[in-house]
Structure formats: structure tokens, C-alpha cells
Amino acid sequence: MSVIASETLPDANGHFGPYGGRYVPETLMHPLQELEQEYFRSQHDPEFQRELEYYLREFCGRPTPLYFAERLTRELGGAKIYLKREDLLHTGAHKINNAIGQILLAKRMGKTRIIAETGAGQHGVATATVSAMFGLQCVIYMGAVDCERQALNVFRMKMLGAEVVSVKAGQKTLKEAVNEAMRDWVTNVRSTHYILGTAYGAHPYPLMVRNFQRVIGDEARRQILEQEERLPDLLIACVGGGSNAIGLFYPFLNDPAVRMVGVEAGGLGIEPEKHAARFQGGSLGVLQGTRSYILQDESGQIQLTHSVSAGLDYAAVGPEHAWLRDQSRVDYTYATDDRALEAFVKLARLEGIIPALESSHAVAEVIRRAPSMSPEELIIVNLSGRGDKDVEQAARKLGLQMPA
Amino acid sequence: MPPVLLGHFSQLMNRIIERFARLKQRGEKGLVVYIGAGDPDLEATRQLALAFDEVGVDVLELGVPFSDPLADGLVNQLAAQRGLESGTTPVKVLETITRIRATSSVPIVLYIYFNLLHRHGFQKFIQDAARAGVDGLLVLDLPPEESENYETMMADAGLCVIYLVAPTTPEDRIALIVKRGTGFIYYVSREGVTGMQAKVADTIAARTAQIRAHTDLPIAVGFGISNPEQARTVAASAEAIVVGSAIVNQIARHGRDADLVPRVTAFVKSLGDAIKSTTPPPA
């Protein structure tokens, strides 16, 4: 297999082969170029790196454990399963890795105001948290439907002092929140940094978010070598925009024996408007700043999506994933709402861990694959977030009742 | 007849270039009017286009409705939504332009998001647009850095490449953009999405002078102009003004009224009258 991870991708204009790039209105072109320059400067600044490491360790709680899921492994009767416990990070998901990195950049650039989009609310909470911590004004855009289904996170953001704007356009979920955040950014770009939460959008975001998230894979690689003295056979992660997946996969891309699977949201099944599996029903297009696989109709209008998980309910996928798929380096599959819910319950009951509905999609794929693998094989699944925010919704779906 | 050489691209005839040449000759200012195609339906769009032509609109900018118009303010988002609800597709917009062309030669620019071209087939869309009678494209989210081949394909089809310059565009980028654009340069007078403003930006004169130092292309200024008085103010420092949301807002209010076309056209005429009386800047 050829070398995949290289310092040359993305190229200078943010392209991963035919994907990526910078497709934005002119007002944002120069701010994005400034952001890119500042990001690259920060990468060579030992002071920035020290500060980032300090906050990741002391504030966020890194490193997160790589935990052997003994009962799940026994129950499935196949490969040995390890959970990368990003759910144990402060604020409850991997999103804080990127939020910390970007707010340090925003400070370097002298920005006084922070905005972000959020789907499930985890990125919103992470952004509200780092904004509170550094005393910056914070506005979070969230679809009205998501505000309702992830109400706990709305309150957390407000508690942290952020303004939460409920976006009522279109289907009122993550895509509309991104549109609204971009409109805000275009209007307030001189004072404001946009902390985009996933490995998506215009260059340098996909590169920058990947690099802030690769700490997941760097740690997991070190930890599995310590615990098992060898590399894993399979990595599994859910893919919305794709930041937790690329964070786990990236440091293993040059290890040809390590296979990888990204799991998209299959929703109610692969039919138009019933899912968010871009690699199943999508095609090449340009949305919200980048060129990638998107769910669109024959005229190029973006289609409605559905997933039980707000964080995966998005019509486009990060450009680097599209490229890794073309290289046959990563396989992409999907899990339906029902299978994700089963996985949600199974992990809770077998391991005492309630995963986020997003991460439950990855666990569902573990449940599908592990039994046919040998006990000598190793799987690492990224438990990207914890499921407290989803308990009410899951209880409703599963028909759980309050005690009389 | 040999082709007339215009800047770096040659074509027999482009209505935008001709119109600006004529305005310059007469010492007049140009009026660029934006409406959302298919709002409330494409037949109304056709009638509005013809009526605008009658009252002297210089360039008609037709917004092709897109599901995710992230550069647009609420007024134009709602227009796009009404356009989509009336069944407007990029292909139907081109068909409507063909019908407009049966009786009118008003210059037409399509204001469009890149995904719609991309989906249609980039080159095919350009060719189909030229065949329908379109004169230029303003692709909101296609900056010069991503537009490899675009300008060549446009020149081959005889279409103008309309690029935006923003308040955040530094001078070296202005120099790059004006070299790549044709027809006119669209100066976005403030940071933000499309929409009406109580007050127009006070930096316009300085910025248009800065752009003019790099190009002979006419400059049209837009974003936020909502009444004849603002139109007159802005026209003093540009070759043309662009008015959008203020007109779209009238269509929103009167879209289903029997007198939609005369009402909106009367407002457009008041804008035209305001700028036509502006004295031209010294040559």
C-alpha cells in the first residue's frame, strides 16, 4: 500500500485530490487566509504547543483511557474490543480538543467574540466552555429541532454564559446552523473567530480540525502498543462531518495492517431524505465552503436528512474522508437508528457506559463485525462522547417509563 | 466582421459590455437590479424583467434559488424559498431567460451558488446559459483561486465573469480579482449578507477609488441600498449601483397582487431617476 498520510495533503489550497478547497464568498477569503497563516505560525511556536498541551492535560483531562471492554468482548465472542474513552473528557466529548486549540488561535489573533454551530450540542458546549474560560463573548447557532432534542446541552451552554440562537430555517438542524454561523461570520469577521466544530468547511478548517483531533489517534496508538505490544487490526468511528474519525484514523494511516471503518447515519434506511449516509446516497458537490460528497437532488438542491443522532444528521461529509475512501484506505458503512439504539443499550448494560447516540453508531458496527473476527484480533472503537444528553430521547424511543 | 477585442477576452457582442460602454458615452450611471428568479413564479419574473427593461434598468441580476444561500440575508433567503416552492430549477430559469430574450435585450447576470452549476455540469451550464441569452455569471462561492478553467470557458461562451470585491479584500487581492473579472466589478459595500440598511457605508468612495487604481472596468456598488436617496449617494462614487433586497421585499409584500409588476416597477423607476440625475465624476 502506498503512503497515505503525508505532509503534502491537503495541498496549499486545501485540496485533498478533487475534494476540499475554499468555496466561500469574497468577504471571507482574506480572513481565511489570515487564519491559515496564523495556524501555521502557531504550529511552529513552542509556546503555543506548550499552552495547548497544558490545557488538554489539566483542563480537559487528557490522556483519555484506552479501556478494554471485557464483557462486550465476551458477549460478542470475537475480536478483543478497546474503547477510546473520549466520553471521559471535560464536557463529555472529543469536541473540546478542537475548541481549545481554536480558541488559543483566536486569542493570538486578537479576536474578542466567538461563534460556532452545533448539532447535538457537544461542540456548542465545548465552545461555550472555552469561551467562558478565556472570558470571550460567545454565540452558538443550533437548529430549532436540535435545541428540542438536545435540550440538556442548550441549558449547559446558557449556564456557561453563551447566547444560543435557535435557527428556524429549512429543516432546522445542523446544516442550517452552519449557514447561520457563516452569515454571522461574514458580518462580524473583524472581531469574531468562527470555531467550526468538524473536519469540514473551507480550508484551513478540515486540516486544522484534523490536526487538533489527531491527539485521539496519537494516544490510542501509544496506548495499544503499551497494552498489547502491537497495533490494532481495526479502527471504528462514527462519521458526521468526520472529526472524531479522522482524529483516530490519521496517525494510523501509514500502518497498512490497520483497517479502518467510518460509520455514517443510516437513519430509517437508505432512501432519499431518510438518512445521512453521504457515501451511500450522495454525490460530488460543493456545500458550505468545500467540495465533497453531499446529499442533493438532480438540480443540486441539498436534500433533507434524518438521523436519530443530531450530531450525524448532516448532508455533507468532510473532504478528507471522501479522499480516503477513493484511496480505499478507509471503508465507509452505515448503521440505522435502530441498530444505534440497540448498541446504546448494549454498551450501557454490559459495560456501564452510556455512549452518545453518535458514538453508538460506531458501537453498532463493532457489534456487527467483532463476532466474525478471531479472539487474537484487536478493535479500537472511538467512544467520541457520552450519552447523558440522549437519555431522554432514547428513553422515549425505547418506551422506558418513570416509576409509578 | 472581426471580433472586437475587449481587454483580455474577445467576443462579438456582450450586452453588459455594450451597456456600460453606452452609459460611459452618455455620462450616465447604471442601475443593476436584483430579484430572485421564480418569486413568486417564473412568469412574474419574465414580466418584471420586461417591465424593468422598459424603465431603463441597465443590468438584471437574477438570483437562482438555492436551498442553502449562506451569503444571503433573510429577505433574499425567503425569496429563494418562494422560488423553490414555485418549482424553480436552474434549467427553468434558463428557459425563462430564453422567453425574455424573445422581446428584450436587457443585459442579464445570474447570481448563483456554485453547487447548482457543478451539478448541472460546469461547462454545460455555461454553454446552456450563453445559449439562453445570459450575459454574465456571478458565482457567489467561486473565488478566483478555485476557478481554474472557469474564466476560459466563460470567455469562449462570450459571458462576463463578475467577481466581487469586499471591504475585507486587501489591495493585492483587488489587483488579482480585477485582472480576472470581466464586464464590471461588483463592490460589496459592507461586511455581511445581502440586505437593506438604514445607512450606507461611508467608506465607499475611498474603496472604489482604490479599485479604480487597478482597473478600467466599471464598478457597481451594492449591498444595503434601499431607497433613491441612498442610490444617489452611492452612485456619486461608482459607475453603477446594485439594488436587491429592497426590491425583493416589495415582491414579497405584493407577490400575489394583480398590480405586482406596475408597483415594483414604479419603485425601480424611482431608483433609476435618482441616479440618472447624478452628475458624472470628472474624467
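Keep in mind that what you see is a predicted model, and the values were worked out from it rather than measured.

*Asks:* Give a detailed account of the overall build of chain A, specifying residues and quantitative values.
*Replies:* What chain A contains, in helices and strands, is 16 helices and 14 strands. Here the C-alpha atoms of chain A give a radius of gyration of 20 Å, agreeing with the 22 Å that 2.2 N^0.38 yields for 404 residues. With respect to the three principal axes, the spread of C-alpha positions in chain A is 55 × 55 × 45 Å. In chain A, which comprises 404 residues, the proportion classed as buried is 65%. For chain A, restricting intrachain contacts to residue pairs at least 6 apart in sequence, the fraction spanning at least 24 positions comes to 75%. If you sum the accessible surface of chain A, you get close to 14,200 Å²; carbon and sulfur atoms cover 49% of it. Taking the 43 positively charged and 49 negatively charged side chains of chain A as two groups, their mean positions are separated by 2 Å.

*Asks:* Can you lay out the overall build of chain B for me, pointing to particular residues and giving the numbers?
*Replies:* When helices and strands are counted, chain B shows 12 helices and 11 strands. Its C-alpha radius of gyration of 17 Å places chain B within 12% of the 19 Å reference for a compact globule of 283 residues. Within chain B, the fraction of its 283 residues that count as buried is 61%. At a minimum sequence separation of 6, the contacts of chain B that also span at least 24 residues come to 73%.

*Asks:* An account of the interface of chain B and chain A is needed here, citing residue identities and associated values.
*Replies:* With 35 residues of chain B at the interface, the matching set in chain A holds 37 residues. On the chain B side of the interface with chain A, the three residues burying the most area are B:Leu70, B:Arg119 and B:Glu146, jointly 24% of the side's total. Between chain B and chain A we count 3 salt bridges in total. The partner of B:Arg173 in a salt bridge is A:Glu26, and the shortest N-O contact between them spans 2.7 Å.

*Asks:* So what's going on with the pairing of strand β11 (residues 240–243) of chain B? Residues and values would help.
*Replies:* Residue and element names in this part refer to chain B. On β11, burial covers both faces: Ala240 and Val242 on one face and Ile241 and Val243 on the other are all buried. Here strand β3 (residues 30–36) runs beside β11; their pairing, made up of 4 bridges, is parallel. Following the sheet pairing, Leu31 is matched in β11 by Ile241. One ladder, built from 2 bridges, connects strand β10 (residues 219–222) with β11; its direction is parallel. Opposite Val221, over in β11, you have Ile241 as the bridge partner.

*Asks:* Explain the environment of A:Met260 to me, using residue names and the numbers behind them.
*Replies:* Residue and element names in this part refer to chain A. With respect to the element layout, Met260 can be found in strand β10 (residues 259–267). C-alpha of Met260 to C-alpha of Phe249: the two residues are 11 residues apart in sequence and 7.1 Å apart in space. Contact partners of Met260, with chain neighbours within four places excluded, come to Leu234, Leu235, Phe249, Phe252, Leu253, Arg329, Val330 and Asp331.

*Asks:* So what about helix α1 (residues 26–43) of chain A? Which residues, and what values?
*Replies:* Since one α-helical turn is 3.6 residues long, residues separated by three or four positions face the same way. With 18 residues, α1(A) extends 27 Å between its outermost C-alpha atoms, agreeing within 8% with the 26 Å of an ideal straight helix rising 1.5 Å per residue. For α1(A), the set of buried residues is A:Glu26, A:Thr27, A:Leu28, A:Met29, A:Pro31, A:Leu32, A:Gln33, A:Leu35, A:Glu36, A:Glu38, A:Tyr39 and A:Ser42.

*Asks:* Let's hear about the sheet that holds β11(B): which residues, and what values?
*Replies:* All names here are of chain B. Sheet architecture is open: 9 strands sit in the order β7-β6-β5-β4-β3-β11-β10-β9-β8, paired in parallel fashion. The two strands at the open ends of the sheet, each matched to only one other strand, are β7 (160–161) and β8 (164–165). Along the sheet, helix α2 (residues 42–54) makes contact with β3 and β4 (59–63), crossing β3 at roughly 170°.

*Asks:* Describe the pattern of salt bridges, with residues and values.
*Replies:* Residue and element names in this part refer to chain B. Enumeration over the complete set of coordinates arrives at 51 salt bridges over all chains. Where Lys124 meets Asp128, a salt bridge forms, and the shortest distance between an N and an O atom there is 3.0 Å. Separated by 4 residues within a single helix, Lys124 and Asp128 lie in helix α6 (residues 122–132), roughly one turn from each other. Judged by its relative accessible area of 44%, Lys124 falls in the partly exposed class.

*Asks:* Help me get a handle on the pairing of strand β14 (residues 378–383) of chain A, residues and values and all.
*Replies:* Residue and element names in this part refer to chain A. Most of β14 is tucked away: 6 of the 6 residues are buried. The pairing of strand β4 (residues 80–85) with β14 spans 6 bridges and is parallel. For Tyr82, the partnering residue across the bridge sits in β14 and is Ile380. Pairing between strand β9 (residues 234–238) and β14: 3 bridges, direction parallel. The partner of Leu234 across the bridge, within β14, is Ile379.

*Asks:* An account of the nonpolar core is needed here, citing residue identities and associated values.
*Replies:* Among the nonpolar cores identified, the biggest contains 151 residues, and B:Phe52, B:Leu110, B:Leu137, B:Tyr150 and B:Ile247 are the most heavily contacted of them. Among residues more than four places away in sequence, those in contact with B:Tyr150 are B:Phe122, B:Ile126, B:Leu137, B:Val139, B:Leu142, B:Val161 and B:Tyr163. If you look at the next biggest cluster of nonpolar residues, it comprises 33 residues, including A:Leu66, A:Tyr82, A:Ala199 and A:Val239.

*Asks:* Can you explain a nonpolar patch on the surface? Please cite residues and give values.
*Replies:* All names here are of chain A. Where nonpolar side chains cluster on the molecular surface, the patch consists of Phe155, Met159 and Leu160 and spans about 360 Å² of accessible area. Structurally, the position occupied by Met159 is in helix α7 (residues 151–159). By relative accessible area, Met159 is classed as exposed at 71%.

*Asks:* I'd love a proper account of the packing of helix α4 (residues 90–101) of chain B against α6(B), names of residues and values included.
*Replies:* All names here are of chain B. Where α4 meets α6, the axes come as close as 8 Å, and the angle between the chain directions of the two elements is 25°. Regarding the angle of α4 to α6, the classification is roughly parallel. Listed contacts from α6 to Pro90, Leu94, Ile97, Thr98 and Arg101 of α4 are Phe125, Asp128, Ala129 and Ala132. Here the contact of α4 with α6 is built from residues that sort into 6 nonpolar, 1 polar and 2 charged.

*Asks:* How would you sum up unusual backbone geometry? Please name residues and give values.
*Replies:* Note the cis peptide between A:Arg62 and A:Pro63, where omega equals -5°. Here A:Pro63 is to be found in the loop between α2 (46–60) and β3 (66–68). In this structure, A:Pro204 follows A:His203 across a cis peptide bond, with omega equal to 15°. Tracing the chain through its elements places A:Pro204 in the loop between β8 (192–194) and α9 (205–213). The phi dihedral of B:Asn149 is positive, around 75°, even though this residue is not glycine. Within the secondary structure, B:Asn149 sits in the loop between β6 (136–139) and α7 (150–157).

Rules used throughout
- The written sequence of each chain sets the order in which its residues are numbered from 1.
- For naming, the first written chain is A and the first written ligand is 1, with later ones following in the order written.
- Since the coordinates come from a predicted model, pLDDT governs what is reported: local features require at least 70, and pairs of side-chain atoms require 80 or more to be given and counted, while whole-chain, interface and lining totals use all residues.
- Calculation of side-chain values draws on the structure's entire complement of heavy atoms; hydrogens and water are dropped beforehand.
- Strands here mean DSSP runs of E at least two residues long; helices mean DSSP runs of H or I at least four residues long; both are numbered from the N terminus.
- In this description the radius of gyration comes from C-alpha coordinates, and the expected globular size is given by 2.2 Å times residues to the power 0.38.
- With a 1.4 Å probe rolled over the protein chains alone, any residue whose accessible area is under 20% of its type maximum counts as buried; one over 50% counts as exposed, and the rest are partly exposed.
- We call two residues in contact when some of their heavy atoms are within 4.5 Å.
- Accessible surface is estimated by sampling points in the Shrake-Rupley manner with a 1.4 Å probe; for residues, cover comes only from the protein chains shown.
- For this count, His and the chain ends are skipped, Lys and Arg are scored as positive, and Asp and Glu as negative.
- All charge positions are set by atom: Lys at NZ, Arg at CZ, Asp at CG, Glu at CD.
- We define buried area as the total accessible area lost by two parts upon association, computed with a 1.4 Å probe and summed across both.
- Salt bridges are identified by distance alone: a Lys or Arg side-chain nitrogen within 4 Å of an Asp or Glu carboxyl oxygen.
- Any two strands with at least two DSSP-identified bridges between them are counted as paired.
- Multiply 1.5 Å by the residue count of a helix minus one, and that product is the helix's expected span.
- To obtain an axis, a line is fitted to C-alpha atoms, over the contacting stretch when the element is a helix, and the angle between two such axes runs from 0 to 180 degrees between their N-to-C directions.
- Here, nonpolar core refers to any group of buried Ala, Val, Leu, Ile, Met, Phe, Trp, Tyr and Cys residues whose side-chain atoms link them within 4.5 Å.
- Patch membership requires more than 30% relative accessible area and the absence of a salt bridge. Residues of like charge join within 9 Å; the nonpolar side chains Val, Leu, Ile, Met, Phe, Trp and Tyr join within 5 Å.
- Here the word oblique covers every angle except those under 35 degrees (roughly parallel), over 145 (roughly antiparallel) and from 65 to 115 (roughly perpendicular).
- Basically, the charged four are Asp, Glu, Lys and Arg, the nonpolar ten are Ala, Val, Leu, Ile, Met, Phe, Trp, Tyr, Cys and Pro, and anything else, Gly included, counts as polar.

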